[in-house]
2 protein chains.
Amino acid sequence: MRVLGVDPGLTRCGVGVVEGVAGRPLTMLGVGVVRTPADAELGDRLVAVEQGIEEWLDTYRPEVVAVERVFSQHNVSTVMGTAQASAVAMLCAARRGIPVALHTPSEVKAAVTGTGRADKAQVGAMVTRLLRLAAPPKPADAADALALAICHIWRAPAQNRLQQAAALHAASKGRTR
Amino acid sequence: MRVLGVDPGLTRCGVGVVEGVAGRPLTMLGVGVVRTPADAELGDRLVAVEQGIEEWLDTYRPEVVAVERVFSQHNVSTVMGTAQASAVAMLCAARRGIPVALHTPSEVKAAVTGTGRADKAQVGAMVTRLLRLAAPPKPADAADALALAICHIWRAPAQNRLQQAAALHAASKGRTR
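Computed from a prediction, not measured in an experiment: that's the story for all the values here.

An account of the sheet that holds strand S3 (residues 27-35) of chain B is needed here, citing residue identities and associated values.
Residue and element names in this part refer to chain B. Taken in spatial order, the five strands make up an open sheet running S3-S2-S1-S4-S5, and their pairing is mixed. Since the sheet does not close on itself, it has two edges, and those belong to S3 and strand S5 (100-103), each with one partner. Direction aside, neighbouring strands of the sheet carry axes that sit 20° apart on average. Bridge count for strand S1 (residues 2-7) against strand S2 (residues 12-19) is six bridges, and the pairing is antiparallel. Residue pairing across strands places leucine 4 opposite valine 17, the latter belonging to S2. Here helix H1 (residues 42-60) sits on the sheet and contacts S1, S2, S3 and strand S4 (64-68); the angle it forms with S3, its principal contact strand, is near 165°.

Rendered as structure tokens:
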């Protein structure tokens, strides 16, 4: 499975591509950051994010795009930009028919470090180890994007089983109606 | 000036086109709602919003797109969908080089009713009167989109003067450096 992880943001949007399956060593194919100038018009920044994401989709052709689920509760000052950048990433993937998966920050931290309360350094250290990199990816947004992709590869089997169970349940309810 | 007003939302995204200049009677060219199914995947809903907005841009070729400025403080449950839908609307406009203007809900209410604390019925009544319609546009999202467009037409002269003053100020500072 090849996954593009996206840590959404307007100033820095982390992107990272990881390939592998749960239970086997994973491979990093690419990592980077899509940046947009803070003094540009909001609409133009969203167009720049779109162009950046499109380039990553063109280059790596991921089967799934994993995006951080944005909550409105915390970081009130930056949450709107994060929500807007994540909308653009989801739009780019869905337009190509690529499934979009959302994972919360604590799900991602728990997946790669074992605890949902891990700090940035801990996530960076585990991403470095799991992908056998020479050094932690910089900036933190890039490491977070890789962590999202890893999280998705590891959680996907369980999520698929849940979805299949839900689909079976819905189908059986449909038959008895 | 021809303005497309967008009251962003995932379930119902209000759209309305108004033509005119400040101080003259205004004309409504079109009004409607872009809807997406609540049970669809988020990415697919954003694609549906994009297609809907693109159709309105194709049909009416507005010179400006006026979008409601979304705040993260209130309506926590729906604010993320609103932010995401507004991102798509801004993206569609900016991609075509159409300027995007943001107005807050209270700016819009104040522009059409004289008070920033007006309720939906009051806004609907004033939109009906100002555009000489037979009845208030339904649903409220459609009326709000028209109110946004009216607000932009009336506020634009003042905003342009401010922007010109700021540009002159920046240019004069640049010369003295």
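Let's pick the thread back up.
Can you explain the pairing of strand S4 (residues 64-68) of chain A? Please cite residues and give values.
All names here are of chain A. With five of five residues buried, S4 is to be regarded as a mostly interior element. Residues of S4 alternate between two faces, with Val64, Ala66 and Glu68 on one and Val65 and Val67 on the opposite face, all of them buried. Examined bridge by bridge, strand S1 (residues 2-7) and S4 share four bridges and lie parallel to one another. Bridged to glycine 5 within S4 is alanine 66. Relative to strand S5 (residues 100-103), S4 runs parallel, the two sharing four bridges. When the sheet's bridge partners are listed, alanine 66 is paired in S5 with alanine 101.

Describe in detail the relation of the copies chain A and chain B, supporting the description with residues and values.
Each copy superposes on the other: chain A lies on chain B with an RMSD of 0.0 Å after a rotation of 180° and an axial shift of 0.0 Å. Here the two chains are linked by the operation of a two-fold rotation axis. Considering only C-alpha atoms, the part of chain A nearest the rotation axis is glutamine 84 of chain A, at 2.6 Å.

Quick one: what's the story with the UniProt feature "active site" (unreviewed entry) in chain A, residue by residue and with numbers?
Residues and elements named next belong to chain A. UniProt marks Asp7, Glu68 and Asp141 with the feature "active site" (unreviewed entry), using the numbering shown here. Taken together, the annotated residues stretch across 135 residues yet fold into one region, lying no more than 11.1 Å apart by C-alpha. As for its placement among the helices and strands, aspartate 7 is situated in strand S1. Those residues in contact with aspartate 7, other than ones at most four positions away along the chain, are Arg12, Cys13, Gly14, Glu68, Asp141, Asp144, Ala145 and Leu148. Relative to the helices and strands, aspartate 141 resides in helix H5 (residues 140-176). A distance of 2.9 Å separates the side chain of aspartate 141 from the side chain of arginine 12, its partner in a polar contact.

For the packing of helix H3 (residues 105-113) of chain B against helix H4 (residues 120-130) of chain B, give the residues involved together with the corresponding values.
Residues and elements named next belong to chain B. At their nearest, the axes of H3 and H4 sit 9 Å apart, and the two run at 50° to each other. Taken together, the axis directions place H3 and H4 in an arrangement best described as oblique. As for how H3 packs across H4, the hand of that crossing is left-handed. Contacts between H3 and H4 pair Lys109, Val112 and Thr113 from the former with Gln122, Val123, Met126 and Leu130 from the latter. When its residues are assigned to classes, the contact of H3 with H4 shows four nonpolar, two polar and one charged.

Before we move on, can you summarise the packing of aromatic side chains with the specific residues and values?
All names here are of chain A. Tallying each qualifying case throughout the model produces two aromatic pairs over all chains. Here the aromatic rings of tryptophan 56 and tyrosine 60 are separated by 5.2 Å at their centres, their planes lie at 25°, and the arrangement is stacked. Of the two residues, tryptophan 56 and tyrosine 60 both sit in helix H1 (residues 42-60), four residues apart, roughly one turn of that helix. The burial state of tryptophan 56 is the same as that of tyrosine 60; both residues are buried.

So, the UniProt feature "binding site: Mg(2+) 2" (unreviewed entry) in chain A: which residues are in play, and what are the values?
Residues and elements named next belong to chain A. In the UniProt entry, the feature "binding site: Mg(2+) 2" (unreviewed entry) is given for Glu68. Examined against the element boundaries, glutamate 68 turns out to sit in strand S4. Setting aside residues no more than four positions away along its own chain, glutamate 68 makes contact with Val6, Asp7, Pro8, His103, Pro105 and Leu148.

What counts, and where the lines are drawn
- Residues numbered from 1 in each chain as written.
- Chains lettered and ligands numbered in written order.
- Predicted model: local features only at pLDDT ≥ 70, side-chain atom pairs only at ≥ 80, totals over all residues.
- Heavy atoms only, no water.
- Pairing = 2+ DSSP bridges.
- Helix = DSSP H or I, 4+ residues; strand = E, 2+ residues; numbered from the N terminus.
- Axes fitted to C-alpha atoms, helices over the stretch in contact; angles between N-to-C directions.
- Contact = heavy atoms within 4.5 Å.
- Buried < 20%, exposed > 50% of the residue type's maximum accessible area, 1.4 Å probe, protein only.
- Least-squares fit on C-alpha atoms with pLDDT ≥ 70 in both.
- UniProt positions renumbered as here; feature names shortened; annotations may be inferred.
- Polar contact = N/O pair within 3.5 Å; in protein donor to acceptor, adjacent residues only side chain to side chain.
- Parallel < 35°, antiparallel > 145°, perpendicular 65-115°, else oblique.
- Left-handed = near helix turned anticlockwise from the far one by under 90°.
- Nonpolar A, V, L, I, M, F, W, Y, C, P; charged D, E, K, R; others polar.
- Phe/Tyr/Trp six-rings, centres within 6.5 Å; stacked < 30°, edge-to-face > 60°.

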